Amino acid sequence: MRHPTRPSGGPGYLDGVRAAAPIGVAAFAFGVSFGVLARSAGMGRLAPVVMSLTTFAGSAQFAAASILAAGGGVAAAVAAAVLLNLRYGPMGLSAASTLEGPWWRRALTAQLVVDESWAIAQRDGRIDRHLLVGAGLLLAVGWVGGTAVGVLAGDLVADPASLGLDAAFPALFLALLAGQIKGRSRLLAAIGGALIALALMPVAGPGVPIIAASLACLVGARRS
Amino acid sequence: MTAVWVTVAAVGLATMAIKAAGTLLVGDRTLPPRAQGALEHLAPALLAALVVSQALGGSGGGFAIDARLAGLAAAAVALVFRAPLLLVVTVAAATAALVRALA
């Protein structure tokens, strides 16, 4: 067996690592820019790295650091970050049935859920645990490592936007979405999610449009 | 400095709790078919919302039209030609970088 991690013939951890590699580069680059932003926001060297390790969610960390930098206060920073991360509630719920082991191990594995690993791990409407863990670990190494590089040597690194890396994320999600559109009800869920996000983005704060868009999954509750 | 650590601790603990809530609440119980059906439609709904917000979202909320949209259009063309994921992502980044360099 060349793949000892996949006795059942399904994807192994390495397949998750491989699938996440293209977006891992972008995660590293944005980790660097988070480190730079956090440093200039007066967060010091250690706190941004600890935050990348424990929160492990880019948009929420950027929001919290920006609010602290602007003098917005702790409560506003925490509220914005938590609102942005509420989408991990439904994402974690959809991963729940595939996680194994005692409660602490399942809770620990669930920490590897981020937008990109969750999206890459989709298989036939369910989450594949091996893909989730492989992709999640690679993204975590890139994100935390990038943050460390950013706080230590941020001035030496190019702006990720000038490399177009901010366009890599919507492209990844579009590619994975294309693989998800099988049948009319999933197409409806996608259209519903996009429309809800578009409608709320101009009026609601960051985070709200995405958590509201998850309600479009209810089109799948009709079948019994 | 204390404010920084309070923020880091609060956001970290809240995020870890949110991520773990699903598996801790459901455990190894099987969900009712309707709930399972809804969860199987979560990926297309959320992925579509992520495409929209990542391609069009401004840094402080609202819309911002910039080179990301050109990158996304290039990615869509690559997808029509059934390009592999690595190529789709690379084409998007290269297009956005090119548009920014020319602008």
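Since the model is a prediction, treat every value here as computed from it, not as a measurement.

### Side note on the overall build of chain B
Scanning chain B from N- to C-terminus turns up five helices and zero strands. Start at the N end of chain B and walk to the C end: the helices and strands fall as α-α-α-α-α. A globule of 103 residues ought to have a C-alpha radius of gyration of about 13 Å, yet chain B, at 19 Å, is considerably larger. Each of the three principal axes of chain B carries a C-alpha extent, and together these read 50 × 50 × 25 Å. Within chain B, the fraction of its 103 residues that count as buried is 49%. A fraction of 30% describes how many contacts in chain B between residues 6 or more apart in sequence connect residues 24 or more apart.

### Observations concerning the overall build of chain A
A count of helical and extended segments in chain A gives eleven helices and two strands. In sequence order, chain A lays out its α and β elements as α-α-α-α-α-α-α-β-β-α-α-α-α. In terms of C-alpha radius of gyration, chain A reaches 18 Å, essentially the compact-globule figure of 17 Å for 224 residues. The principal-axis extent of the C-alpha atoms belonging to chain A is close to 50 × 50 × 35 Å. Across the 224 residues of chain A, 59% fall into the buried class. Pairs at least 24 apart in sequence give 69% of the contacts found in chain A among residues at least 6 apart.

### Comments concerning the nonpolar core
Grouped together as the largest cluster of nonpolar side chains are 116 residues, with contacts concentrated most on Ala168 and Ala171 of chain A together with Ala49 and Ala92 of chain B. If sequence neighbours within four positions are ignored, alanine 49 of chain B has contacts with Gly193, Ala194, Ile196, Ala197, Pro209, Ile210 and Ala213 of chain A.

### Considerations on the interface of chain B and chain A
In this complex, chain B contributes 64 residues to the contact, which on the side of chain A involves 86 residues. Elements that contribute at least two residues to the side of chain B that touches chain A include exactly helix 1 (2-26), helix 2 (33-40), helix 3 (42-56), helix 4 (67-80) and helix 5 (85-102) of chain B.

### Quick notes on unusual backbone geometry
Note: most peptide bonds trans; most residues except glycine with negative phi. Although it is not a glycine, phenylalanine 56 of chain A adopts a positive phi angle of roughly 45 degrees. Along the chain, the position of phenylalanine 56 of chain A falls in the loop between helix 2 (46-54) and helix 3 (58-69). What makes phenylalanine 56 of chain A buried here is the crowd of 25 C-beta atoms within 10 Å. We note that arginine 82 of chain B has phi near 55 degrees; this positive angle belongs to a residue other than glycine. Here arginine 82 of chain B is to be found in the loop between helix 4 and helix 5.

### Quick look at the packing of helix 3 of chain A against helix 1 of chain B
The interhelical angle for the contact between helix 3 of chain A and helix 1 of chain B, taken along N-to-C directions, is 155 degrees, at an axis separation of 11 Å. Here helix 3 of chain A is positioned roughly antiparallel relative to helix 1 of chain B, judged by the angle of their axes. The two elements helix 3 of chain A and helix 1 of chain B meet at a crossing, and its hand is right-handed. Side by side, helix 3 of chain A and helix 1 of chain B meet where Ala60, Ala64 and Leu68 of chain A of the first sit next to Val4, Thr7, Val11 and Thr15 of chain B of the second. Grouping the amino acids of the contact of helix 3 of chain A with helix 1 of chain B by side-chain chemistry returns five nonpolar, two polar and no charged.

### What about helix 4 of chain B?
Within an α-helix, residues lying three or four positions from one another point in the same direction, as the helix has 3.6 residues per turn. Here helix 4 of chain B spans 20 Å end to end across 14 residues, near enough to the 20 Å set by a 1.5 Å rise per residue. Among the residues making up helix 4 of chain B, those that are buried are Ala67, Arg68, Ala70, Gly71, Leu72, Ala74, Ala75 and Ala78 of chain B. Buried-residue contacts for helix 4 of chain B involve helix 9 (168-180) of chain A together with helix 3 and helix 5 of chain B. Positioned one or two residues after helix 4 of chain B, arginine 82 of chain B has a phi angle of 55 degrees, which is positive.

### Some details on helix 1 (residues 13-40) of chain A
Residues and elements named next belong to chain A. Maximal helix bending in helix 1 amounts to about 55 degrees, located at alanine 21; proline proline 22 follows within four positions. With 22 of its 28 residues buried, helix 1 lies for the most part within the structure. With its phi angle positive at about 80 degrees, glycine 42 sits one or two positions after the end of helix 1.

### So, the packing of helix 10 (residues 184-200) of chain A against helix 3 of chain B
Two quantities define a packed helix pair, namely the angle between the helix axes and the distance between the axes. The N-to-C vectors of helix 10 of chain A and helix 3 of chain B enclose an angle of 35 degrees; their axes lie 7 Å apart at closest approach. When you trace helix 10 of chain A past helix 3 of chain B, the crossing you get is right-handed. Counting all contacts with helix 10 of chain A, which are made through Arg186, Ala189, Ala190, Gly192, Gly193, Ala194, Ile196, Ala197 and Leu198 of chain A, the residues of helix 3 of chain B involved are Pro44, Ala45, Leu46, Ala48, Ala49, Val52 and Ser53 of chain B. A per-class count over the contact of helix 10 of chain A with helix 3 of chain B returns twelve nonpolar, three polar and one charged.

### Overview of the confidence of the model for chain B
Residue and element names in this part refer to chain B. Mean pLDDT over chain B stands at 93; residues scoring 70 or higher make up 99%. By mean pLDDT, helix 2 is the weakest element of chain B at 91, and helix 4 is the strongest at 98. Model confidence for the complex is summarised by a pTM of 0.88, with the ipTM given as 0.94.

### Remarks on the environment of glutamate 116 of chain A
All names here are of chain A. Along the chain, glutamate 116 turns up in helix 7 (residues 115-120). Once the C-alpha coordinates of glutamate 116 and leucine 176 are considered, the two residues, 60 residues apart in sequence, prove to be 9.6 Å apart. What glutamate 116 contacts, discounting residues up to four positions off in sequence, is Ala20, Ile23, Ala135, Leu139 and Leu172.

Rules used throughout
- Every residue gets a number counted from 1 within its own chain, in the order that chain's sequence is written.
- Whichever chain is written first is A, and whichever ligand is written first is 1; the rest continue in order.
- Two thresholds apply to this predicted model, a pLDDT of at least 70 for residue-level local features and 80 or more for giving and counting side-chain atom pairs, whereas whole-chain, interface and lining totals are computed over all residues.
- Numbered from the N terminus, helices here are DSSP runs of H or I no shorter than four residues, and strands are runs of E no shorter than two.
- Computation of the radius of gyration draws on C-alpha atoms alone. For the globule rule, the value is 2.2 Å times the number of residues to the power 0.38.
- Partly exposed residues are those whose C-beta has more than 12 but fewer than 20 other C-beta atoms within 10 Å; with 20 or more the residue is buried, with 12 or fewer it is exposed, and the C-beta atoms are placed from the backbone.
- Contact definition: two residues whose C-beta atoms, as placed from backbone geometry, lie within 7 Å.
- Only buried Ala, Val, Leu, Ile, Met, Phe, Trp, Tyr and Cys residues enter a nonpolar core, and they are joined through C-beta atoms within 7 Å.
- Convention adopted: a line fitted to C-alpha atoms gives each axis, helices being fitted over their contacting stretch, and angles between N-to-C directions are expressed from 0 to 180 degrees.
- Angles below 35 degrees are treated as roughly parallel, those above 145 as roughly antiparallel, those between 65 and 115 as roughly perpendicular, and all remaining angles as oblique.
- A crossing counts as left-handed when the near helix is turned anticlockwise from the far one by less than a right angle, and as right-handed when that turn is clockwise.
- When residues are grouped by polarity, Ala, Val, Leu, Ile, Met, Phe, Trp, Tyr, Cys and Pro land in nonpolar, Asp, Glu, Lys and Arg in charged, and all others, Gly among them, in polar.
- To estimate the expected span of a helix, subtract one from its residue number and multiply by 1.5 Å.
- To get the bend at any residue, fit one axis to the seven residues that end at it and another to the seven that begin at it, then take the angle between the two axes.
- The pLDDT value expresses, per residue, how confident the predictor is, ranging between 0 and 100.

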